[in-house]
Amino acid sequence: MAARIDLTFDCVDATLLAEFWKTALGYVDEPPPAPFRTREEWLAQFDLPEDDSADDAAWLCDPDGVGPRLSILKVPEPKTAKNRLHLDIRVPGHGSPAERWARIKAESERLVRAGGKVLEEFDGHHMLMADPEGNEFCVAAASA
């Protein structure tokens, strides 16, 4: 059996980044682990510093249970260099290269409205983008 993975983003503003990635991926807030009713209850079991709060992190999941879980954690230091690992958002649908490119551009525009930024356009192939905190990702067509 293959191992499952979670992805973790370090950030300055967990709420901002969580909202962006929920919009980008169609993810939802992950419920707290049983038997806890809230994230605050769950976090209370750990001996965290008093200034830590549930707003310093977010946990997202694919509502269909297929994609990896995302953890978004506030850290004190800013992003300083290019990602060594990035996400590729694959836009579904088939058709001609022009039709696939139109879908890639439309998705990129939607993500710009959600707070992302286009960094570079690789005409006809993919868009290099950044989330609101500068984490790079690509938007490309799904496999045929």
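Computed from a predicted structure; not experimentally measured. (Residues numbered from 1 in each chain as written. Predicted model: local features only at pLDDT ≥ 70, side-chain atom pairs only at ≥ 80, totals over all residues. Heavy atoms only, no water.)

Caption draft 1: Quick look at the overall build of the protein. Per the secondary structure count, the protein includes three helices and eight strands. The order of α-helices and β-strands along the protein, N terminus first, is β-α-β-α-β-β-β-α-β-β-β. Structurally, the protein occupies a C-alpha span of about 55 × 35 × 30 Å along its principal axes. In the protein, buried positions account for 33% of the 144 residues. Taking as baseline every contact in the protein between residues at least 6 positions apart, the subset at least 24 positions apart corresponds to 56%. Of the roughly 9,200 Å² of accessible surface on the protein, 55% is carried by carbon and sulfur atoms. Taking the average place of the 16 positive charges on the side chains of the protein and the average place of its 27 negative ones, the gap between the two points comes to 7 Å. (Helix = DSSP H or I, 4+ residues; strand = E, 2+ residues; numbered from the N terminus. Buried < 20%, exposed > 50% of the residue type's maximum accessible area, 1.4 Å probe, protein only. Contact = heavy atoms within 4.5 Å. Areas by Shrake-Rupley, 256 points an atom, 1.4 Å probe, with all protein chains shown as cover. Lys, Arg positive; Asp, Glu negative; His and termini not counted. Charge placed at Lys NZ, Arg CZ, Asp CG, Glu CD.)

Caption draft 2: Summary view of the packing of helix α1 (residues 14–25) against helix α3 (residues 97–113). α3 packs onto α1 with a crossing angle of 160 degrees between their chain directions and a minimal axis gap of 10 Å. Classed by the angle they form, the pair α1 and α3 counts as roughly antiparallel. Every pair of crossing elements has a handedness; the one defined by α1 and α3 is right-handed. Along its contact with α1, which presents F20, T23 and A24, the element α3 presents E107, R110 and L111. Of the residues belonging to the contact of α1 with α3, the class tally is three nonpolar, one polar and two charged. (Axes fitted to C-alpha atoms, helices over the stretch in contact; angles between N-to-C directions. Parallel < 35°, antiparallel > 145°, perpendicular 65-115°, else oblique. Left-handed = near helix turned anticlockwise from the far one by under 90°. Nonpolar A, V, L, I, M, F, W, Y, C, P; charged D, E, K, R; others polar.)

Caption draft 3: Region of the structure containing the sheet that holds strand β6 (residues 117–122). Here four strands make up an open sheet; going across it, the order is β5-β8-β7-β6 and the pairing mixed. Each having just a single partner strand, β5 (87–91) and β6 make up the two edges of the open sheet. Averaged over all adjacent pairs, the angle separating strand axes in this sheet is 25 degrees, with direction ignored. Pairing analysis gives five bridges linking β6 to strand β7 (residues 126–130), with the strands arranged antiparallel. The residue bridging V118 from the neighbouring strand is M129, located in β7. α1 rests against β5 and β8 (136–141) of the sheet, and its axis sits at about 35 degrees to β5. (Pairing = 2+ DSSP bridges.)

Caption draft 4: Expanded view of the sheet that holds strand β3 (residues 57–61). The mixed open sheet is built from four strands, whose spatial order is β1-β4-β3-β2. Both outer strands of the open sheet, β1 (6–11) and β2 (28–29), are each paired with one neighbouring strand and no more. By the bridge criterion, six bridges tie β1 to strand β4 (residues 69–74) in an arrangement that is parallel. If you follow L7 over to β4, its bridge partner there is L70. Against the sheet, α1 contacts β1, β2, β3 and β4, and its axis sits at roughly 10 degrees relative to β3.

Caption draft 5: The side chain of N83, seen in detail. Take N83: it is sitting in the loop between β4 and β5. Under the relative-accessibility criterion, N83 is labelled buried at 16%. Within polar-contact distance, the side chain of N83 engages the backbone oxygen of L85 at 3.4 Å. Ignoring sequence-local partners within four residues, the contact set of N83 consists of N135 and E136. (Polar contact = N/O pair within 3.5 Å; in protein donor to acceptor, adjacent residues only side chain to side chain.)

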